[in-house]
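In case you want the letters, here they are:
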Amino acid sequence: MASLITMDDLTNEEIIEVLDNAERLLPVARGETYLPLLEGKILGNLFFEPSTRTRMSFETAMKRLGGEVVNLGDVKTSSVVKGETLFDMIQMVDGYTDIIAMRHPRQGAAQYASDSARVPILNGGDGAGHHPTQTMLDLFTIRQAHGTLEGLNVALVGDLRFGRTVHSLSHALVRFGCTLTFVSPESLSMPDEIISDLKRHGADITETADLSSVIPSADVIYMTRIQKERFPDEDEYARVAGIFKLCAADLSPAKGGMIVMHPLPRVSEISPDVDNTKHARYFEQAFNGVVARMSLLCRLLNVEVPAIISSNGGEN
Amino acid sequence: MASLITMDDLTNEEIIEVLDNAERLLPVARGETYLPLLEGKILGNLFFEPSTRTRMSFETAMKRLGGEVVNLGDVKTSSVVKGETLFDMIQMVDGYTDIIAMRHPRQGAAQYASDSARVPILNGGDGAGHHPTQTMLDLFTIRQAHGTLEGLNVALVGDLRFGRTVHSLSHALVRFGCTLTFVSPESLSMPDEIISDLKRHGADITETADLSSVIPSADVIYMTRIQKERFPDEDEYARVAGIFKLCAADLSPAKGGMIVMHPLPRVSEISPDVDNTKHARYFEQAFNGVVARMSLLCRLLNVEVPAIISSNGGEN
Amino acid sequence: MASLITMDDLTNEEIIEVLDNAERLLPVARGETYLPLLEGKILGNLFFEPSTRTRMSFETAMKRLGGEVVNLGDVKTSSVVKGETLFDMIQMVDGYTDIIAMRHPRQGAAQYASDSARVPILNGGDGAGHHPTQTMLDLFTIRQAHGTLEGLNVALVGDLRFGRTVHSLSHALVRFGCTLTFVSPESLSMPDEIISDLKRHGADITETADLSSVIPSADVIYMTRIQKERFPDEDEYARVAGIFKLCAADLSPAKGGMIVMHPLPRVSEISPDVDNTKHARYFEQAFNGVVARMSLLCRLLNVEVPAIISSNGGEN
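Since the structure is predicted, the reported quantities are computational estimates derived from the model, not experimental observations.

1. As for the overall build of chain A
Step number 1: On a plain count of helices and strands, chain A comes out with eleven helices and eleven strands.
Step number 2: A compact globule built from 316 residues would reach a C-alpha radius of gyration of about 20 Å, and chain A, at 20 Å, matches this within 12%.
Step number 3: Its C-alpha atoms put chain A at 50 × 50 × 40 Å along the principal axes.
Step number 4: Relative to its 316 residues, chain A shows a buried fraction of 53%.
Step number 5: For chain A, long-range pairs separated by at least 24 residues make up 74% of all intrachain contacts whose partners lie at least 6 apart in sequence.

As structure tokens, then:
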């Protein structure tokens, strides 16, 4: 059984398969039907860094499918503080579980865990590294809106320097032939090595600091939070905080089908008045974390998702 | 599907219906039989303030009925500290769950959440506001002892100023024609606006600072903890702390059927020697939190409680 | 229904019975089959002190058997800080659960809880007192390797003064006629009263500070962590920290069947190069916590473990 550490662990065909299964699981995620495909299975939730959305949606995904969850709990009171290594922790937890979802502040930690674990690891974010389950739910949301992943114009906005979410997503979108526009202040621009790498894979990339200029042509505007905790200097943060604010009025030149996304939590990047426009998709996007993770849990646990799931009769 | 924010969300007939269903569910709450009425359902436990009893009894209620629970966890490490609003948090969690139990330090927070949520909200306490599930378990305990809610003499003792529990309960008891006696030191007396409001609803109310005088005539003595954290001044707390202490000997003039209640945790208001008297009901009261919440969860999730549940054969 | 507070609560025959059932449950613990023997049952996890391994393995044990768990959560935000006594807490939680697993910093706390609880208590460690579920998983691991508990040479190494794990285990091993060697620095030697007591029960005991001398004859080498938090003085800790370090090369004179155990977490007592030798059993030992606890949960809940459990067809 394989792990999911980066998006490179999935071919384009496998990505489409995971998204197709996620779509079939929508009635289960919505609670319209109960389908205990993972009954008797246990997910170990190892969050070495706090996470509200990712942890809760993994739990929901598992429980909607009849599985169970065992949480590491607060890392500050765990055996980590007694000096236990990640290696030893993983040897323990993989004896207690069938699959592990893990977030860790250190880049590479998920791969390291996967190298010694007997159960599959789902990387739930490893520092500045990867966050493939987030990318899968982002792709699901985009495909749901546009019916395809291919050839879209996607603008990624805000903190492109530190955000692993936009790095992983950019790579995936390029694999499906999307055109990317990176919108950020100079100090938060997409790292050069990532741009070079994307271009090697044939990416069509534009960089700008002007958000309004990208609105008319975008199929997707992907906003991100500028994370105060990344700035050593308060003044530097103050200079860029709030530089991009999307409000409903800004969206009038947008295409009718354009969607606004955000990995959440948002602070002030998206005005509440956008919530009621036809463009807002960030809350559906958060909900889609459940189906995307359900589909991935089934895949890594080698459990087949039925081809047809009716919304009020269970498996057909 | 409606939420339960205050006791005003239920008519007297509906209260009785919820209590009747709670009574039917007693063998399930005691673990004598397993009745997975809520299989496949997920409760989101959003406790923005810590709570041991309310949170654990909600969890137990859900799990005794075959449902599942997803916890927000420690709010200090949640996305709230990254600046996420309650509105955004609710949009997320109602995509992950079928119903939400919520405690929040701010009065009105549960109503605010309910206004934007797609799933029902069970108010588990909103600051100085309401705590209707506590009131329901209190009413259940009183009815269980006296066979009725009507026309009882109920003495409420201790901190009547800050305690949302006694505020909610007083309103409910007046709706069933109970006579109330408020026993408190001057500085912790029932707020005037609440007394006025109760009287507008026809309440028969007496105020006193003398606990011993109310013991002979009471059907219920409802003790409360004087909460140190409410006093800005240590001296003022010292003056009233321990002012009311009930011990077994004090209860000799009481009616045989009189019951002593307490929302717990107690500190020194009730001496341990009361525990073994026939009057003590506070531990059953805590247990009754499970059946009361089971019944409310079923109601808000539109799941019918069977009319007869045998204690060793499941649904009849 | 009885509690399990110390190993004295079980006769030798009962210990063997629990180990036999644990062995039958191995396919369930490994997730090869699902056997919901404890469906509808709720375990209350009351950890007044943090514990990663014990808490998580109790949770896994319960969930592998179809049961549910309700956690007290962080004791620092629980009603304990409002002044609630252990007695009152237990009266509450035993109304919410069918069985309680409890860890508490105070010796005797589990017995105290058991005296007033209506449900069985599983002592998960009470200060310097007992830790019987750890002893059961240790015995399971030893019997699994050697086919018997009788007449083995067991060396216990490291902190023998403060470690409740080695105290409980020593008593149990003496009951099965094992020969014990205590290996520790003077300042961490096995307390005199425990040695006297073991000898009264017929123990054959040797004490030494030389680990290498015991390797050739040992059937089991049980390493322990020297716990920094036990030393008031940093210098004294520095003198003994790292005094015993086992590496693969040290094991060349060992018998082929000798096993190295450790309750984990380890710090530097066992070099990682031991992990790949045939002697290493500490990770299996951690896993065995699940089957040992499953067997004990069934016993205390009066649920019979089927005589034959196939690894891919449930109960036979």
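2. Overview of the relation of the copies chain A and chain B
Step number 1: The transform that puts chain A on chain B rotates by 120 degrees and translates by 0.0 Å along the axis, for an RMSD of 0.0 Å. Both copies of the chain, as the preceding transformation shows, are related through a three-fold rotation axis.
Step number 2: The fraction of interface residues of chain A whose copies in chain B are also interface residues is only 5%, indicating that the copies meet through different surfaces.

3. Digging into the interface of chain A and chain B
Step number 1: Each partner contributes residues to the interface: chain A has 19 residues there, and chain B has 20 residues.
Step number 2: Going through the elements one at a time, helix 3 (53-64) and helix 11 (282-300) of chain A are the ones with two or more residues in the side of chain A that touches chain B.
Step number 3: Ranked by residues supplied to the side of chain A that touches chain B, first place goes to helix 3 of chain A with six residues.
Step number 4: In terms of residue class, the side of chain A that touches chain B is made up of ten nonpolar, four polar and five charged.

4. A closer look at the pairing of strand 7 (residues 204-208) of chain B
Residues and elements named next belong to chain B.
Step number 1: Bridge count for strand 6 (residues 179-183) against strand 7 is five bridges, and the pairing is parallel. Note on strand 7: the bridge partner recorded for F182 is E207.
Step number 2: Where the polypeptide runs from strand 6 across helix 8 (residues 192-200) and back to strand 7, its parallel neighbour, the crossover connection is right-handed.

5. Notes on the sheet that holds strand 4 (residues 121-126) of chain A
All names here are of chain A.
Step number 1: Within the open sheet, the four strands sit side by side as 2-1-3-4. Their pairing is parallel. Both edges of this open sheet fall to strand 2 (68-71) and strand 4, since each of them pairs with a single strand only. Between one strand axis and the next, the sheet turns by 15 degrees as a mean value, whatever way the strands run.
Step number 2: Packing against the sheet, helix 4 (residues 86-96) makes contact with strand 1 (42-47), strand 2 and strand 3 (99-104), and its axis sits at approximately 155 degrees to strand 1.

6. Observations regarding the environment of P120 of chain C
Step number 1: Assignment of secondary structure puts P120 of chain C in the loop between helix 5 (109-116) and strand 4 (121-126).
Step number 2: With 21 C-beta atoms packed within 10 Å, P120 of chain C lands in the buried category.

7. So, the sheet that holds strand 4 (residues 121-126) of chain B
Residue and element names in this part refer to chain B.
Step number 1: Sheet architecture is open: four strands sit in the order 2-1-3-4, paired in parallel fashion. Strands at the two margins of the open sheet, each flanked by one partner only, are strand 2 (68-71) and strand 4. Between one strand axis and the next, the sheet turns by 15 degrees as a mean value, whatever way the strands run.
Step number 2: Here strand 1 (residues 42-47) runs beside strand 2; their pairing, made up of four bridges, is parallel. Within the sheet, the bridge partner assigned to N45 lies in strand 2 and is N71.
Step number 3: In the packing of helix 4 (residues 86-96) onto the sheet, contacts are made with strand 1, strand 2 and strand 3 (99-104), and the angle to strand 1 comes to roughly 155 degrees.

8. With respect to the relation of the copies chain C and chain B
The two chain copies are related to each other by a rotation about an axis together with a translation along it.
Step number 1: The two copies are related by a screw motion: chain C maps onto chain B through a turn of 120 degrees and a shift of 0.0 Å along the axis, at an RMSD of 0.0 Å.
Step number 2: An overlap of only 5% is found between the interface residues of chain C and their copies at the interface of chain B, pointing to separate contact surfaces.

9. What about the confidence of the model for chain A?
Step number 1: In this model, chain A carries a mean pLDDT of 93, and residues with pLDDT of at least 70 account for 98%.
Step number 2: In the predicted assembly, ipTM is 0.93 and pTM is 0.95.

10. With respect to the domain arrangement of chain A
Residues and elements named next belong to chain A.
Step number 1: Here chain A is described as being made up of domain 1 (7-131 + 286-315) and domain 2 (133-281).
Step number 2: If you look at the interface, domain 1 gives 21 residues, while domain 2 gives 18 residues.
Step number 3: Contributing elements (two or more residues each) for the side of domain 1 that touches domain 2: helix 1 (12-24), strand 4 and helix 11.
Step number 4: Examining the composition of the side of domain 1 that touches domain 2, we find that seven residues originate from one element, helix 11, more than from any other.
Step number 5: The residue makeup of the side of domain 1 that touches domain 2, split by class, is eleven nonpolar, eight polar and two charged.

Calculation rules
Residues numbered from 1 in each chain as written. Chains lettered and ligands numbered in written order. Predicted model: local features only at pLDDT ≥ 70, side-chain atom pairs only at ≥ 80, totals over all residues. Helix = DSSP H or I, 4+ residues; strand = E, 2+ residues; numbered from the N terminus. Rg over C-alpha atoms; globule rule 2.2 N^0.38 Å. Buried ≥ 20, exposed ≤ 12 C-beta atoms within 10 Å, placed from the backbone. Contact = placed C-beta atoms within 7 Å. Least-squares fit on C-alpha atoms with pLDDT ≥ 70 in both. Nonpolar A, V, L, I, M, F, W, Y, C, P; charged D, E, K, R; others polar. Pairing = 2+ DSSP bridges. Right-handed = clockwise from strand over helix to strand, strands pointing away. Axes fitted to C-alpha atoms, helices over the stretch in contact; angles between N-to-C directions. pLDDT = per-residue confidence, 0-100. Domains from an automatic or database assignment.

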